[in-house]
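Structure assessment
Next come the chains, spelled out residue by residue.
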Amino acid sequence: NPSSFLQGINLDLSLFSERVKSLGLKVYRAQPYVHAQETDRGWFEIEHGFELVDEEGEKYSEDYDAQQFLQQIQKAHEEGEEYIEWNGKWIKVPEQANQFIAASKRLIDEIEDTNRVDYSRLPLVLEIYENVTQLEYNKPILEIQREMMDQGVLDRQPPSLFNGELKPFQSQGFVWMKSLYYRNVGGLLADDMGLGKTVQVIAFFTYLKNKGELSPSLIVVPKTLIDNWFNELKKFAPSLLQSTYIFHGPEARNKAIDFNSFDLVITTYETLIRQQIEMGQVDWQVVVCDEAQKFKNPTTSTSRVVKALKSKCRLALTGTPVENGLSELWSIMDFVQPGLLGSLNEFRKIFIDPLQEGVQEGANIQEIEQRLFARI
């Protein structure tokens, strides 16, 4: 208590540093948290914000306006302040306040203000906050985190079956694919050409092989890319070639094949269309469609056939998910996560038409774009 200690001495404490001024004052820290409270069987209410915690770890229990507090924390962080004064208390601003607030906004966009997710989407919460350290989770989310760690979902290093080294952004893609598989959903990998989409998928395949869950998986490619996939597998995961079957050409026509006896089957879009009856009955673990702009038109036979395949996880690879219009993005997303963008008519009403009208009228289209970014 510097005021008491210096009583009778005429000193202007405002001239001293925050450390001197705060001597003897009780300082709380703003602890970011994300909690999941079960409401119905398998459904969770998501809560996020800052709790006030003192040096002994005791939480400040009195009610306070959480939203107003969050705004003041954000303002202090943007202005480079280490502390804020809140209701007569000194609060230490966390270093990653802005990252936490940005992640929370993304979460709200993702769950569309309902604050409810089912059990299968709890890993998504971990993904959204993955770059925020010292974050407090409660038991349901911690259990999911532990399960993902036990299954190696969060490991950035591929297993020894993978013969190579991933770059940091490729490791991120590798972990992302594993988390999609863990949640039984699909994803669109839209890295630019030359950034190693194939390599990331091969690393993912070695993970599944290590778990005994690769067989059978399907890779659908344009005819010109068959050799590329074969060579990349030979380079980065030669052991997978022992159980890889290239299903293509005249000899594939009406040929009875036990697809379940292979880890990987590589075929072309043309062969898939011809043999759709046989290949549509297989329970594929993963279906990978390379150069996914091949089915950018939702009315073509290619689009209908790839979307009719059965699989636990779907991946679309393309550096150009949108070439001429947003309906192409809808078609690809309709393959990897059916229903995420609604029907094509709904997508037109919510995104395509408003964006076109905004461009024509010179309106601010950023809000519509941000809603689409948040959705995908």
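My aim in this report is to walk through the structure given alongside it, one point at a time.

Let us look at the overall build of the protein. Across its full length, the protein holds 15 helices and 12 strands. Taking 21 Å as the expected radius of gyration for a compact globule of 376 residues, we find that the protein reaches 26 Å, considerably beyond that expectation. Seen through its principal axes, the protein has C-alpha atoms that stretch 100 × 55 × 40 Å. Taken across its 376 residues, the protein has 44% of its residues classed as buried. A separation of at least 24 residues holds for 61% of the contacts in the protein among residues at least 6 apart in sequence. A total accessible area of about 20200 Å² is found for the protein, and carbon and sulfur atoms account for 46% of it.

We now examine the sheet that holds strand 11 (residues 283-290). Backbone hydrogen bonds are what pair the strands of a sheet, in a parallel or an antiparallel way. Taken in spatial order, the six strands line up as 7-12-11-8-10-9 in an open sheet, and their pairing is parallel. This sheet does not close on itself; its edge strands, each paired only once, are strand 7 (187-189) and strand 9 (244-247). Between one strand axis and the next, the sheet turns through 20 degrees on average, direction left out of account. Contacts between helix 7 (residues 168-182) and the sheet are confined to strand 7, strand 11 and strand 12 (310-317), with strand 7 contributing the most and set at about 165 degrees to the helix. Together, strand 7, strand 8 (217-221), strand 10 (264-268), strand 11 and strand 12 form the strand contacts of helix 8 (residues 197-211), whose direction differs from that of strand 11 by roughly 170 degrees.

If you roll a probe as big as a water molecule over the atoms, it shows you where there is empty space left. Counted as a void, the second largest pocket has a volume near 290 Å³. Lining the second largest pocket are 14 residues; nearest its centre among them are Ala30, Val93, Pro94, Glu95 and Gln134. Counting residues per element, the ones that place at least two in the lining of the second largest pocket are strand 1 (27-40) and helix 4 (97-111). Of all the elements, strand 1 adds the most residues to the lining of the second largest pocket, at four residues. Of the residues in the lining of the second largest pocket, the class split is seven nonpolar, four polar and three charged.

Our next topic: the pairing of strand 8. The element strand 8 is largely enclosed, with a buried count of five among its five residues. Of the two faces of strand 8, both are covered, the one formed by Ser217, Ile219 and Val221 as well as the one formed by Leu218 and Val220. Sheet topology note: the strand 8/strand 10 ladder contains five bridges and is parallel. Its bridge partner lying in strand 10, Leu218 is registered against Val265. Two strands pair when backbone bridges link them, and strand 8 and strand 11 are joined in this way by three bridges, in the parallel orientation. Counted as the bridge partner of Ile219 is Val288 from strand 11.

Moving on: the nonpolar core. In terms of nonpolar packing, the biggest core is built from 70 residues, with Tyr129, Phe204, Phe205 and Trp229 touching the most fellow members. The leading source of residues in this core is helix 8, at eight residues. The contact partners of Tyr129, leaving out residues within four places of it in the chain, are Val34, His48, Phe100, Ala103, Ser104, Leu107, Leu135 and Tyr137. Tyr245, Trp284, Trp330 and Ile352 belong to the second largest nonpolar core, which has 37 residues in total.

Let us look at the packing of helix 8 against helix 9 (residues 226-236). Two numbers describe how helix 8 lies on helix 9: the axes approach to 10 Å, and their chain directions differ by 55 degrees. In terms of orientation, helix 8 and helix 9 fall into the oblique class. Crossing handedness for the pair helix 8 and helix 9: right-handed. From helix 8, Thr198, Val199, Val201, Ile202 and Phe205 reach across to helix 9, where they touch Asn228, Trp229, Glu232, Leu233 and Phe236. Per-class residue counts for the contact of helix 8 with helix 9 are seven nonpolar, two polar and one charged.

It is worth spelling out the environment of Gly194 at this point. Here Gly194 is to be found in the loop between strand 7 and helix 8. Spatially, the C-alpha atom of Gly194 lies 9.2 Å from that of Gly319, the residues being 125 residues apart in sequence.

With that settled, consider the packing of aromatic side chains. Inspection of the entire model under this criterion finds 14 aromatic pairs. Taking the centre distance of 5.6 Å and the plane angle of 35 degrees together, the rings of Phe100 and Tyr129 count as tilted. One end of the pair, Phe100, is in helix 4; the other, Tyr129, is in the loop between helix 5 (122-128) and strand 6 (136-137), and 29 residues separate them in sequence. With respect to burial, Phe100 and Tyr129 carry one shared label: buried. Here Phe347 and Phe351 contribute two aromatic rings whose centre-to-centre distance is 5.3 Å and whose plane-to-plane angle is 45 degrees, an arrangement assigned as tilted. Taken as a pair, Phe347 and Phe351 lie in helix 14 (residues 344-361) at a separation of four residues, close to a single helical turn. Each member of the pair Phe347 and Phe351 is classed as buried.

In the structure shown here, the tally under the stated rule is eight salt bridges. When the shortest N-O distance is used, the salt bridge between Lys139 and Glu143 registers 3.9 Å. Remark: Glu143 and Lys139 occur in helix 6 (residues 139-150); sequence separation between them is four residues, near one turn of the helix. Taking the relative accessible area as the measure of exposure, Lys139 reaches 59% and is therefore exposed. A salt bridge links Glu213 to Lys211; the shortest N-O distance between them is 3.6 Å.

Reading the values: rules and limits
Residues numbered from 1 in each chain as written. Predicted model: local features only at pLDDT ≥ 70, side-chain atom pairs only at ≥ 80, totals over all residues. Heavy atoms only, no water. Helix = DSSP H or I, 4+ residues; strand = E, 2+ residues; numbered from the N terminus. Rg over C-alpha atoms; globule rule 2.2 N^0.38 Å. Buried < 20%, exposed > 50% of the residue type's maximum accessible area, 1.4 Å probe, protein only. Contact = heavy atoms within 4.5 Å. Areas by Shrake-Rupley, 256 points an atom, 1.4 Å probe, with all protein chains shown as cover. Pairing = 2+ DSSP bridges. Axes fitted to C-alpha atoms, helices over the stretch in contact; angles between N-to-C directions. 1 Å grid on protein atoms, 1.4 Å probe; cavity = no way out; pocket = protein on both sides within 12 Å on 5 of 7 lines; lining within 4 Å. Points joined across faces, edges and corners; volume = space filled by probe spheres on them. Nonpolar A, V, L, I, M, F, W, Y, C, P; charged D, E, K, R; others polar. Core = buried A, V, L, I, M, F, W, Y, C linked by side-chain atoms within 4.5 Å. Parallel < 35°, antiparallel > 145°, perpendicular 65-115°, else oblique. Left-handed = near helix turned anticlockwise from the far one by under 90°. Phe/Tyr/Trp six-rings, centres within 6.5 Å; stacked < 30°, edge-to-face > 60°. Salt bridge = Lys/Arg side-chain N within 4 Å of Asp/Glu carboxyl O.

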